[in-house]
Amino acid sequence: MGKYEKLAHDIVSNVGGKSNVISLTHCITRLRFKLRDESMANDDVLKNMDGVVTVMKSGGQYQVVIGNHVPDVYADVLPLIGQEEGAAQTEEAPSGSLFNRFIDIISGIFQPILGIMAACGMVKGLNALFVAIGLYSDTCGGYLILNAIGDGLFNFLPLFLGYTAAKKFNLKPMIGLVIGAIMCYPSIQGSALSAGSEALYTLFEGTMFESAVYTNFFGIPLIAMDYTGTVIPVIFVVYFASKCEKFFKKFIPDLVKFFFVPMLTLLVAIPAGLLLIGPLASFASTLIAEAVMTVRNFSPMLAGAIVGLTWQILVIFGLHWGFIPVYINNIMTNGYDNVMMPFFACTFATSAVVLAIFFKTKNRQMKEMALPNFISGIFGVTEPAIYGILLPLKKPFIISCIAGGIGGGFYGAFNFRKFMMGGMGIFEFPAMIEPDGSMGNLLVAISGVILTMIIAFAATMVLYREEDGTEDASVSVSAGSDEPGCAKPDGIVRKIEIASPIKGKILKLETIHDDAFASGALGMGAAVLPEKGEVYAPADGVITTLFPTLHAIGMETDEGAELLIHIGLDTVQLEGKGFEAVIHQGDRVKKGQLMVKFDMNFIKAQGYCLETPVIVVNTDDYLEVAGSMEQNVAVGGKLITIVK
Amino acid sequence: MQKFEYTVKDEVGIHARPAGLLVKEAKKFQSKVMITKEGKSADASKLMAVMGLGVKCGQTVEVSVEGDDEAEAFEAMKSFFETNL
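The rules we used
- Residues numbered from 1 in each chain as written.
- Chains lettered and ligands numbered in written order.
- Predicted model: local features only at pLDDT ≥ 70, side-chain atom pairs only at ≥ 80, totals over all residues.
- Heavy atoms only, no water.
- Phe/Tyr/Trp six-rings, centres within 6.5 Å; stacked < 30°, edge-to-face > 60°.
- Helix = DSSP H or I, 4+ residues; strand = E, 2+ residues; numbered from the N terminus.
- Buried < 20%, exposed > 50% of the residue type's maximum accessible area, 1.4 Å probe, protein only.
- Lys NZ or Arg CZ within 6 Å of the ring centre and 35° of its normal.
- Pairing = 2+ DSSP bridges.
- Salt bridge = Lys/Arg side-chain N within 4 Å of Asp/Glu carboxyl O.

Caption draft 1: Structural view of the packing of aromatic side chains. Within this structure, the stated rule accounts for 26 aromatic pairs over all chains. A ring pair is formed by A:Phe358 and A:Phe359, whose centres lie 5.4 Å apart and whose planes are at 70°; its orientation type is edge-to-face. Arranged with centres 5.5 Å apart and planes meeting at 80°, the rings of B:Phe4 and B:Phe74 form a pair that is edge-to-face. Linking B:Phe4 in strand β1 (residues 2–7) with B:Phe74 in helix α3 (residues 70–84), this pair joins segments that are 70 residues apart in sequence. Since its relative accessible area comes to 8%, B:Phe4 is described here as buried. Each member of the aromatic cluster is reached from another via a ring pair, and the members are A:Phe344, A:Phe348, A:Phe410, A:Tyr411, A:Phe414, A:Phe416 and A:Phe429. The ring of A:Phe358 has A:Lys367 sitting right over it, with the charged end atom 5.4 Å from the ring centre. Sitting over the face of the ring of A:Tyr336, A:Arg417 holds its NZ or CZ atom 5.6 Å from the ring centroid.

Caption draft 2: Quick look at the pairing of strand β10 (residues 504–507) of chain A. Residue and element names in this part refer to chain A. Strand direction decides the pairing type here: β10 and strand β11 (residues 524–530), joined by 4 bridges, are antiparallel. Pairing of Lys505 across the sheet is with Leu529, part of β11. Relative to strand β21 (residues 632–633), β10 is paired through 2 bridges, and the arrangement is antiparallel. The partner of Gly504 across the bridge, within β21, is Val633.

Caption draft 3: Molecular detail of helix α17 (residues 383–393) of chain A. Residues and elements named next belong to chain A. Burial analysis of α17 places 10 of its 11 residues in the buried class, the great majority of the element. Listed in full, the buried residues belonging to α17 are Pro384, Ala385, Ile386, Tyr387, Gly388, Ile389, Leu390, Leu391, Pro392 and Leu393. Among the residues trailing α17, Lys394 stands out with phi positive, at a value near 60°.

Caption draft 4: Spatial organisation of the pattern of salt bridges. With the rule as written, the count across this model stands at 13 salt bridges over all chains. Across the pair A:Asp540 and A:Lys590 runs a salt bridge whose closest N-O atoms are separated by 3.5 Å. Of the two residues, A:Asp540 sits in the loop between β12 (534–536) and β13 (541–546) while A:Lys590 sits in the loop between β17 (588–589) and β18 (594–598), which places them 50 residues apart along the sequence. Relative accessible area serves as the criterion here: at 26%, A:Asp540 is assigned to the partly exposed category. Here B:Asp43 ties to B:Lys32 by a salt bridge, and the two come within 3.1 Å at their closest N and O atoms. Of this pair, B:Asp43 sits in strand β3 (residues 40–43) while B:Lys32 sits in strand β2 (residues 32–37), and the two are 11 residues apart along the sequence. Relative accessible area serves as the criterion here: at 14%, B:Asp43 is assigned to the buried category.

This is the structure in structure tokens:
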């Protein structure tokens, strides 16, 4: 039990008691109850309770807004309603369709590495660009190292995903990391096992599932695959391992748990994963490739559309590998491939959608990622865009699949071909010039790219709305948030903290004696009743406005928050008397730097209230702007928390 | 584009509270509402910009409205200025 025991107790009894609570989760600032009967809750009592900001009802949830220490309160509420932390986590798993749930899991797992992934994708793409324009060759050491920098994350993706997935599934994160490492272990990769050695025997000979077996696990044939760079396999294995871990924890005595639980978990989960996933993935991908070839016999356009439409989904599951042998075989025997190539449109569909999102999103982090993701996408590295932007927002992913499908259909219809292997993104174009030098096929390639990009871009501009991506209360990305002011903890959420510019007593904004500020019409924030007549910079930034009357300061912080510090109420009437400015409009200020001095006694004697609101003027750009719940604050102490 | 001129009568000028109301009103419309004082213009949907103009009592501003719903916005802004400022 923590320090919020009493608060927790009061909250539970006022939402109708333990029996009325179906489940509880929390987000950045709110306890989110699912209640059997919302009418049993005492809204007014809760609203006026110390430690509760307010109560909101939305989407079948009864939300008690606490502030950013909600995790602590949450921890104290849990035992009172007989819910365990673990149970809460599963409850947090979004209801909604299987598709939504799946996407939420995937995007949650990718979330921690998105920024790095965008960075690596960019390095990888630029490296390819520099080779393509002849700055250096792809055999030089510089290329090699830069490629390693760009590709390391993607090649060893299962390690990172293993780690984050483990957190998601409540497995020890380090075990998840180890699972990822095992799956990337060089000597068990399909390509390593098949390279240079004869197959032991062939399974399902004569059927389309014919698969060469290069090794076995104590007699059980192991159909190997390359796990490097894959996404889904490690997530499945980690999920299974989390179940194993739970099981073993129950039966293994405490004394030896530390060692035996991870050992047994790995010994069960890894072989089971490798023996099952390998064959499943390889059969499914073969099946898909065969199906596309069959369709191609009567309608190349339809076959192309299928490839374009499904390619990105196949890539997520690693099922696109079924096409690779077909592709290689086609190029070797026919001198070109036209079966897999319609996928080419998808790269550009993804890029165009991301570009449109760059223009439309208000979420700063999303915007910041969109541009590099677009650029690396054009160079053929689409993972950051797919996992970082399209999937979490859902609708853009669907748009990109459909645009890819249309482009793929176009390519199928015009018998689009590629004549040589290699290249990525726009660097594939040279391989599309027909061997005799005629440009017809290249023209098809370029027209397809333009067509796809226009469709994808326009569709996203028209159809994507910020809130669309997050209409489901469980979506993990907070581009628009499920409702104003709350975001999921595992989404793209960033906190900005604004320090107090003044030492004094913290007041809730809604309690101060000026309607314009109290109503939040000027933006949300907090107020301070000063104890000392000095105003310090609450963050690093630029003074955008210093009013001639010196009673108010407008600044934009380096993180983009526009703040208004209004010293006293109605003090504009003093016309500067009692104020002394140390800084000037346009100045850059450092957090903690003295900005304005004011004569508290003089201002009070003139009959003005000293309550000093600190307002986030661009509140609309953020999910939540919450004032501190503390009573008093020193200069530099936390006053406002902004969630974006 | 439609525009009108207005001489501010409110004795504190376009300051925090009136500025906040003004921004709220301007944000209701799709049209871009600009306020110009002595050659300096501010987007009426940006509080800091509006306050930064430092419009005082007795000063004249030009308000311009441009966009899809400009007729409506023009009327609304005009009546806003007349009743509040």
